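Secondary and tertiary structure notes
The chain contents come next:
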Amino acid sequence: MGLRGSVPALTGRSLTRAAVAVSVAAGVALAGACGGGGSGGGDSPTVGLLLPGGGASRFGQFDKPLIERRLKELCPNCPAATFAATPDPAVQRQQLESMITRGVDVLIIAAVDPQLLRPSVEAAHRAGIPVVAYDRLAQGPISGYVTFDGAKIGRLQGEALLKGMGAKAHGGQIVMMNGATTDPNAGWFKRGALSVLKGKVKIGKSYDTVGWRPEYAFVNMKSAVAALGAGNIDGVLAANDSLAGAVVSALNATEVRPLPPITGQDADLVAVRRIVRGDQYMTVYKPFKPAADAAAEMAVALGRGKSVASIATGTVDNATTKDIPAVLLPSVPVTAGTVKDTVVKDGMYTIEQICTPQLRAACAKAGLIP
């Protein structure tokens with residue numbers, strides 16, 4: 001499935017990309033120029049890359065350059081990837097439709113809101129443009145999916161939280177700071193964590209964080225402290241590092257001492273520093289290079305009209321498509337004692353980046369410096 005030209009809803013290529021572009025342009029105010037331009041496919045397809053963040057975000061720092069580097073290795077003569085990034089789901093939909101209009105040959109998309117983006121994914125499918133869902137499972141007729149095993153991530157967070165809670169892991173009370181309900185990964189993480197936590201701890205409060213936005217997590221954590229009492233929170237299951245940072249800020253603002261163990265995800269540099277300092281108990285490190293490599297390999301294969309079966313390690317289903325070729329990658333828990341053997345060893349960060357002057361004593365305690 002997913003090969004270009006294999007579009008069941010069409011008769012051959014009677015519905016051309018140009019026709020789809022006209023219909024999209026007529027109905028949608030397109031985003032500003034994304035750059036690049038269609039190559040017409042063949043051996044040098046044009047890849048469109050849409051991510052939910054750029055710049056200092058995890059997607060901007062790691063995923064984007066890694067994907068672009070692997071694309072260049074696989075296809076030296078391919079045009080540079082057409083790139084767009086935004087945390088706004090409506091803007092991302094416009095960006096996707098603009099790429100359809102420009103005639104890219106294949107798309108890699110980390111969807112901000114998979115449901116909202118579905119009509120645009122369907123438009124890409126009608127235009128004969130395969131879509132590789134990256135990090136988050138997009139809705140609609142996608143041709144490949146690359147992500148980390150979300151159930152395993154949730155279990156790693158739950159297991160680490162129980163370990164960090166010590167004796168309070170049996171009967172203690174926690175707060176769950178989950179991700180956005182619009183992101184299917186958030187539910188995946190939550191279910192994985194609950195499979196470990198249920199029956200062992202009391203979940204005093206559980207919040208779904210709109211848009212994964214830290215400011216909402218900050219408000220929700222303050223509300224949890226007010227409702228449960230500053231001394232009655234024995235741990236916080238924060239779904240990622242941005243939420244974990246907001247939780248730490250809220251606990252500091254409400255003068256909760258000592259801080260309970262707090263989980264995270266993504267191994268952001270600021271989170272690794274919090275872990276060394278003792279403000280955050282753990283994060284989940286997702287080695288981004290294997291994911292970026294797999295997405296680039298799928299995109300180039302699909303852009304050339306080839307199968308991705310040899311790249312996939314299994315299959316997944318979404319609401320509209322069955323047996324989507326998928327690559328599900330493992331993740332690694334990181335605590336203060338394992339920073340050196342994980343994110344430092346893999347070259348994600350250097351000791352110098354982590355161990356600021358203010359953290360020298362904590363880094364020495366963690367075995368990062370003499």
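Report follows, based on the coordinates. This structure is a prediction, so every number in the text was calculated from the model and none was measured.

Brief notes about the sheet that holds strand E8 (residues 235–238)
The strand order across the open sheet formed by three strands is E7-E6-E8, and the pairing between neighbours is parallel. Only two strands of the sheet have a single neighbouring strand rather than two, namely strand E7 (202–208) and E8. If you compare each strand with its neighbour and ignore which way they point, the axes differ by 15° on average. Where helix H6 (residues 184–197) meets the sheet, its contacts fall on strand E6 (173–178), E7 and E8, and the angle it forms with E6 comes to roughly 170°.

Examining the nonpolar core
Counting residues in hydrophobic clusters, the biggest one holds 79 residues, and the most contacted among them are Tyr-134, Val-146 and Met-221. Each residue touching Val-146, except ones within four places of it in the same chain, is listed here: Val-132, Ala-133, Tyr-134, Asp-135, Ala-291, Ala-294, Ala-295, Met-298, Val-327 and Leu-329. With 26 residues, the next largest nonpolar core counts Met-99, Val-104, Ala-124 and Ala-127 among its residues.

Examining helix H9 (residues 269–277)
Along H9, the residues that are buried comprise Ala-271, Val-272, Arg-274, Ile-275 and Val-276. Where the residues of H9 are buried, they touch helix H8 (241–253), strand E9 (283–285), strand E12 (332–334), helix H12 (351–354) and helix H13 (360–365). Looking at the residues trailing H9, positive phi occurs at Gly-278, about 100°.

Some points on unusual backbone geometry
Residue Pro-258 is reached from Arg-257 by a cis peptide bond, and omega for that bond is -10°. Examined against the element boundaries, Pro-258 turns out to sit in the loop between H8 and H9. In this structure, Asp-266 takes a positive phi of about 110° despite not being glycine. In this fold, Asp-266 is placed in the loop between H8 and H9. Located in the positive-phi region is Asp-323, a residue other than glycine, with phi close to 55°.

A short note on the sheet that holds strand E10 (residues 314–316)
Here seven strands make up an open sheet; going across it, the order is E2-E1-E3-E4-E5-E11-E10 and the pairing mixed. Unpaired on one side and paired on the other, strand E2 (82–85) and E10 mark the two borders of the sheet. With strand direction ignored, the average angle separating the axes of adjacent strands in the sheet is 25°. Contacts from helix H2 (residues 58–74) reach strand E1 (47–51), E2, strand E3 (106–109) and strand E4 (131–134), with the element oriented near 165° to E1.

Details of the pairing of E4
Consecutive side chains along a regular strand alternate between the two faces of the sheet. In E4, alternate side chains face the same way, and those of Val-131 and Ala-133 on one face and Val-132 and Tyr-134 on the other are all buried. With respect to chirality, the unit in which E3 leads through helix H4 (residues 114–126) into the neighbouring parallel E4 is right-handed. Sheet analysis places E4 next to strand E5 (residues 144–148), joined by three bridges and oriented parallel. The residue of E5 that forms the bridge with Tyr-134 is Val-146.

Observations regarding the pattern of salt bridges
Within this structure, the stated rule accounts for 17 salt bridges. Among the salt bridges present, the one from Glu-297 reaches Arg-70, with a minimum N-O distance of 3.2 Å. Pair noted here: Glu-297 is in helix H10 (residues 288–303) and Arg-70 is in helix H2, with a separation of 227 residues, a long-range link. Assessed through its relative accessible area of 24%, Glu-297 is described here as partly exposed. Here Glu-97 ties to Arg-93 by a salt bridge, and the two come within 3.5 Å at their closest N and O atoms. You can see Glu-97 and its partner Arg-93 sitting in helix H3 (residues 89–102), four residues apart, about one turn around the helix. Take Arg-93: its relative accessible area is 25%, and that puts it in the partly exposed class. Residues participating in the shared-partner salt-bridge network are Arg-58, Asp-63, Asp-135, Arg-136, Asp-183, Asp-266 and Lys-286.

So, the packing of aromatic side chains
Taken as a whole and assessed by the stated rule, the structure comprises three aromatic pairs. Taking 5.4 Å as the distance between ring centres and 25° as the angle between the ring planes, the aromatic pair formed by Phe-62 and Phe-288 counts as stacked. Of this pair, Phe-62 sits in helix H2 while Phe-288 sits in helix H10, and the two are 226 residues apart along the sequence. Taken individually, Phe-62 and Phe-288 each receive the classification buried, so the pair is uniform in this respect. Relative to Tyr-349, the ring of Phe-62 has its centre 6.1 Å away and its plane inclined at 75°; by these criteria the two rings are edge-to-face. Within this pair, whereas Phe-62 is found in helix H2, its partner Tyr-349 is found in the loop between helix H11 (340–344) and H12, the two being separated by 287 residues in sequence. Here Phe-62 falls in the buried class, since its relative accessible area comes to 16%. On the basis of relative accessible area, Tyr-349 is assigned to the buried category, the value being 5%. A cation sits over an aromatic face here: Arg-58 above Phe-59, 4.2 Å from the ring centre. Against the face of Phe-83 rests Lys-64, its NZ or CZ located 4.7 Å from the ring centre.

Reading guide: rules and limits
Residues numbered from 1 in each chain as written. Predicted model: local features only at pLDDT ≥ 70, side-chain atom pairs only at ≥ 80, totals over all residues. Heavy atoms only, no water. Pairing = 2+ DSSP bridges. Helix = DSSP H or I, 4+ residues; strand = E, 2+ residues; numbered from the N terminus. Axes fitted to C-alpha atoms, helices over the stretch in contact; angles between N-to-C directions. Contact = heavy atoms within 4.5 Å. Core = buried A, V, L, I, M, F, W, Y, C linked by side-chain atoms within 4.5 Å. Buried < 20%, exposed > 50% of the residue type's maximum accessible area, 1.4 Å probe, protein only. Right-handed = clockwise from strand over helix to strand, strands pointing away. Salt bridge = Lys/Arg side-chain N within 4 Å of Asp/Glu carboxyl O. Phe/Tyr/Trp six-rings, centres within 6.5 Å; stacked < 30°, edge-to-face > 60°. Lys NZ or Arg CZ within 6 Å of the ring centre and 35° of its normal.

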